[in-house]
Amino acid sequence: MKKTPIIETDVAPETLALDLSHEFPLLPLRDALVTPGASTRILVGRDISQNAIHASHEYHDLLLLALQPDPDKEAVTSEDLPDVGVLAHVQSVSPLPNGCWRVLLEGVVVVDLAGPVKKEGSSYFSSFIALRRFVVADESNVKKIAAEGIKLFFRYAEIQNLSQDLVNDVKAKEEPFAEFMSMLPFIRVSPAQKQKVLEQKSLDDLGLLVNSYLHAAIDAENVAEHVREDVQQKMQQNQKDWFIGEQIRMLQNEISDGGTDEISSLTEKVKAKKFSQAIQEKLDEEFSRMRLMQPASPEYAVSRNYIDWFLALPYGVYTETDLDLKKVKKNLDEKHYGLDKVKDRILEYIAVLKLTKSENKAPIICLVGPPGVGKTTLVRSIAEALGRNFARVTLGGVQDEAEIRGHRRTYIGSMPGRFVQALRHAKCMNPVILLDEIDKMGSDFRGDPASAMLEVLDPELNIDFTDHFMEVGLDFSKALFIATANAEDQIPAPLADRLEIVRLPGYYPHEKLLIAQNYLIPKVMLRCGLSSEKDLTFDEDSVKTILREYTREAGVRELERMIETIVRKHAKEIVMGKTSKVILSPKLAEKYLGVPRFLESRLPKPGKFGVITGLAWTSVGGEILLIECKLLSGRGHLLLTGKLGDVMKESAQIALSLVRERLHRFGIDPAVVRKTDIHIHVPEGAVPKDGPSAGIALTLALLSAFTRTPVSPDVAFTGEVSLTGDLLPIGGLNEKALAALGAGVKTLYIPKQNEKDVAELPMPARKGLKIHTKEHIDELIRILFPSEQKSKKGAATKKTFSKKDPSETD
């Protein structure tokens, strides 16, 4: 419960006789410090502080003042209070309506506090005290310090415009300590810094500290004065520039006879576009600069070009998306065969768009697949099916970051980046933007374009994409970005993290046949001005002949070229009057196209030792990879040719270790390896080859050579093998199965862990290939090399093998 406040006190401090035998009440101060000889008003609101003021009335209104280090701490403890304080006299207390007291205090003397405590049952802090004695090491030195302090205080008072009476009061002090204490309240330092002065042990150090505060305050005021002068000069210069600019504007208006000038016309056009506030402020600033320029100056042309780019943007223009899923699916199916994953993803996007009715955070899809499978044309078809405008950004070979973010306007001939240009070309803010060949971007001293792409391809950031030329944020969040790439591993990892990868495998022969009949032939015939009803008809056998003997690709680009070659040649014969309507047969196709480029099967002849059919994945589709092994008399060297990479070389080392471990099962002494040079070759030596997926084929090729057991070439193998013989999974099974089927492979062995991928293969691949999954290399060895030698037969085999030259493996 609060006591009634003391309103007035009539005891002067100089008449007090200090009795140091008892405790004095203590008031913790938050953000003020009262020094001896100085009067200060403070606001007191805490109960513990008001109770201390009440208690001071019993001690001739004397009150201890101690600065708490943390002014924000409400509940103060004894540990929070310092060891040095000030004994002050309470001169008056005035209550305020909000419950606080306004208290006038006058400092009396600096004292040492003997452990401030709050006794049990007490409502305030109290402490015994001792007068603080300041040591004087050299009295003459203290007087010099005090004299320097007086000079500094005069300069400080002049800067701060302190009254002359205050200066005279300080000068009238006779004792150095009194001079320092009288100066301290007027120096703009924190209460903690003032507390530090009171805690000094010698009067020399106390004076030096006060003088350092005066030096710092004077320096700070000088800096502030310079800043004020600079600001004043700049303000005067700005006023001058404005005045001159207004005169120029009025003269220009007079010259134009009061008509609407070019800037006014541009201003009206900008207002009509209803740009965002940030863009409008930027353009208003540009107009202000233009009004100060001569129209013939180069800077004027730069500003005019900048504004023209904003006016050319389709700001606020959005095309309406066709939300009819059945209609969109029909349009996509009419123009592209297959590609169900991509079509389903677009239909999912439309479904979400229809439910949310918001185009924010559109997906950023990346179509990854070999050339010629229709990635680019599919994106254009998606735009048409959605009813949106289409823009294409070609990224292949781009090495300059400015191509993405634009050039800064300081450069001559600067332009916005390709994305802003794409918006201008599309004439809307929500187009379908094709990012073609995103995996073929480069980087050099001009920057890294792939890193610059991160902002525009991040759904969280592209709502405010900043082009260096435009200098303000533009909203790309409603645009549908679809990228294309041939090799997923060549896309930088941070960029790939922002892309939704959709893989497009190559087409199977039956798919190419349908694409040729339903899409390519009608398109080529129309392009060449022929009709399938009147001029030329392709039968199914002729198309199969073209596929089998003249093309070997994952896509259909070369197939389209072959068809166009036939149509052009027939068109020439029609124009020359040599022929009329014909039905294209395989023989006629060969006449038009010449000698077949490819044999029906690329598999080797059967019965060869050390030759195994492997499979490889490339960025343009799957390939047959033959592994050839030859044994020669020598010293156990392993020779690898065919431009093999490090990983493939390591796979060969692992394969050799696995074979050496198993030679004894066939009655062959493993020591024979030390007397035999092993040559492994992978044909097409000019083509680099790498990867671990040839591990199985390498192991079987070595075992076939050592055991002189041929493996049928229509049996293919793909998979990594570990040093313990475990078969590890591989990627690109779809492309590899396509290559195997096209080459005439009948049986395919893959690791057990790839069994889940078999279900995703098209039906022709699952029907045309006998696919077996195995977990260990020994399972394959038991199937392919069933005649593991018994002990008796093994001895005969050793003898035969030792007599025969190991090089005679054919």
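Up top you'll find the structure we're talking about.
In this text the structure is predicted, and so the values were computed from the model without any measurement. (Residues numbered from 1 in each chain as written. Predicted model: local features only at pLDDT ≥ 70, side-chain atom pairs only at ≥ 80, totals over all residues. Heavy atoms only, no water.)

### Things to note about the sheet that holds strand 9 (residues 432–436)
Move 1: Taken in spatial order, the 5 strands line up as 8-9-12-7-13 in an open sheet, and their pairing is parallel. Of all strands in the sheet, those with a lone pairing partner are strand 8 (390–394) and strand 13 (500–503), marking the two edges. For this sheet the average axis-to-axis angle between neighbouring strands, irrespective of direction, equals 25 degrees.
Move 2: Sheet topology places strand 8 next to strand 9; 5 bridges connect them, and they run parallel. Across the sheet, residue Arg-392 finds its bridge partner in strand 9, namely Leu-434.
Move 3: With respect to the sheet, helix 11 (residues 340–356) is in contact with strand 7 (364–368), strand 12 (480–485) and strand 13, its orientation differing from that of strand 13 by roughly 145 degrees.
Move 4: Packed on one face of the sheet, helix 12 (residues 375–386) meets strand 7, strand 8, strand 9 and strand 12 and runs near 165 degrees to strand 12. (Pairing = 2+ DSSP bridges. Helix = DSSP H or I, 4+ residues; strand = E, 2+ residues; numbered from the N terminus. Axes fitted to C-alpha atoms, helices over the stretch in contact; angles between N-to-C directions. Contact = heavy atoms within 4.5 Å.)

### Details of a positive patch on the surface
Move 1: A cluster of basic side chains, namely Arg-568, Lys-569, Lys-572, Lys-578 and Lys-591, defines a positive patch on the protein surface.
Move 2: The element contributing the most residues to the positive patch is helix 19 (residues 557–575), with 3 residues.
Move 3: By secondary structure assignment, the location of Lys-569 is in helix 19. (Patch = residues over 30% accessible without salt bridge, like charges linked within 9 Å, V, L, I, M, F, W, Y side chains within 5 Å. Areas by Shrake-Rupley, 256 points an atom, 1.4 Å probe, with all protein chains shown as cover. Salt bridge = Lys/Arg side-chain N within 4 Å of Asp/Glu carboxyl O. Lys, Arg positive; Asp, Glu negative; His and termini not counted. Charge placed at Lys NZ, Arg CZ, Asp CG, Glu CD.)

### Structural notes on helix 21 (residues 646–662)
Move 1: The end-to-end C-alpha distance of helix 21 is 25 Å, a good match for the 24 Å that 17 residues give at a rise of 1.5 Å each.
Move 2: For helix 21, every residue scored as buried is listed here: Met-648, Ser-651, Ala-652, Ala-655, Leu-656, Leu-658, Val-659 and Arg-662. Here the buried residues of helix 21 occupy an arc of 165 degrees about the axis, which is enough to place them on one side. Of the exposed residues in helix 21, those oriented more than 90 degrees away from the buried face are Asp-646 and Glu-650. (Expected span 1.5 Å × (residues − 1). Buried < 20%, exposed > 50% of the residue type's maximum accessible area, 1.4 Å probe, protein only. Arc of directions from axis to C-beta.)

### Structural notes on unusual backbone geometry
Keep in mind that most residues, glycine aside, have a negative phi and that most peptide bonds are trans.
Move 1: Non-glycine residue Asp-61 carries a positive phi angle of around 60 degrees.
Move 2: Looking at where Asp-61 falls in the secondary structure, it is placed in the loop between helix 1 (47–56) and strand 3 (62–67).
Move 3: On the basis of relative accessibility, which here comes to 3%, the residue Asp-61 falls in the buried class.
Move 4: Positive phi, close to 55 degrees, is recorded for Lys-274, a residue that is not glycine.
Move 5: By the secondary structure assignment, Lys-274 is in the loop between helix 7 (262–273) and helix 8 (277–291).

### Remarks on the pattern of salt bridges
Move 1: Taken as a whole and assessed by the stated rule, the structure comprises 31 salt bridges.
Move 2: Close ionic contact of Arg-503 with Glu-488 constitutes a salt bridge, the shortest N to O distance being 3.0 Å. In this pair, Arg-503 sits in strand 13 while Glu-488 sits in the loop between strand 12 and helix 16 (493–496), placing the two residues 15 residues apart along the sequence.
Move 3: When its relative accessible area of 48% is taken as the criterion, Arg-503 is described as partly exposed.
Move 4: Note on Glu-488: relative accessible area 29%, which makes it partly exposed.
Move 5: Of the charged contacts, one joins Arg-662 and Glu-661 as a salt bridge, the two residues approaching to 3.1 Å between their closest N and O atoms.
Move 6: We classify Arg-662 as buried; its relative accessible area is 5%.
Move 7: Through salt bridges with shared partners, a single network forms among Lys-282, Glu-286, Arg-289, Arg-409 and Glu-471.

### Concerning a negative patch on the surface
Move 1: Taken together, the side chains of Asp-138, Glu-139, Glu-174 and Glu-175 define an acidic patch exposed on the protein surface.
Move 2: Structurally, Glu-175 can be placed in the loop between helix 3 (164–172) and helix 4 (176–183).
Move 3: Residue classification places Glu-175 among the exposed positions, given a relative accessible area of 52%.

### As for the packing of helix 7 against helix 9 (residues 298–312)
Move 1: Contact pair helix 7 / helix 9: the axes reach a minimum separation of 10 Å and the direction vectors enclose 25 degrees. Judged by the angle between their axes, helix 7 and helix 9 are roughly parallel. Our pair here, helix 7 against helix 9, has a crossing hand that is left-handed. Side by side, helix 7 and helix 9 meet where Glu-262, Ile-263, Leu-266, Lys-269, Val-270 and Lys-273 of the first sit next to Tyr-300, Arg-304, Ile-307, Asp-308, Phe-310 and Leu-311 of the second.
Move 2: Partitioning the contact of helix 7 with helix 9 into residue classes produces 7 nonpolar, no polar and 5 charged. (Parallel < 35°, antiparallel > 145°, perpendicular 65-115°, else oblique. Left-handed = near helix turned anticlockwise from the far one by under 90°. Nonpolar A, V, L, I, M, F, W, Y, C, P; charged D, E, K, R; others polar.)

### Regarding the side chain of Glu-560
Move 1: Relative to the assigned elements, Glu-560 resides in helix 19.
Move 2: Setting aside residues no more than four positions away along its own chain, Glu-560 makes contact with Leu-520, Lys-523, Val-524 and Arg-527.

### A short note on the packing of aromatic side chains
Move 1: For the structure on display, the rule yields 14 aromatic pairs.
Move 2: On the basis of an interplanar angle of 55 degrees and a centroid distance of 5.0 Å, the ring pair of Phe-275 and Tyr-315 is categorised as tilted. One end of the pair, Phe-275, is in the loop between helix 7 and helix 8; the other, Tyr-315, is in the loop between helix 9 and helix 10 (325–335), with 40 residues separating them in the sequence.
Move 3: Judged by its relative accessible area of 24%, Tyr-315 is partly exposed. (Phe/Tyr/Trp six-rings, centres within 6.5 Å; stacked < 30°, edge-to-face > 60°.)

### Description of the environment of Glu-401
Move 1: Here Glu-401 is to be found in the loop between strand 8 and helix 13 (402–405).
Move 2: Residues Glu-401 and Phe-785 lie 384 residues apart in sequence; the distance between their C-alpha atoms is 58 Å.

### Let's talk about the side chain of Gln-195
Move 1: Locating Gln-195 in the fold gives a position in helix 5 (residues 191–198).
Move 2: Classification of Gln-195 by relative accessible area gives buried; the value is 6%.
Move 3: Of note is the side chain of Gln-195, whose polar atom sits 3.0 Å from the backbone oxygen of Val-84.
Move 4: The contacts of Gln-195, once residues within four sequence positions are left out, are Leu-33, Leu-67, Pro-82 and Val-84. (Polar contact = N/O pair within 3.5 Å; in protein donor to acceptor, adjacent residues only side chain to side chain.)

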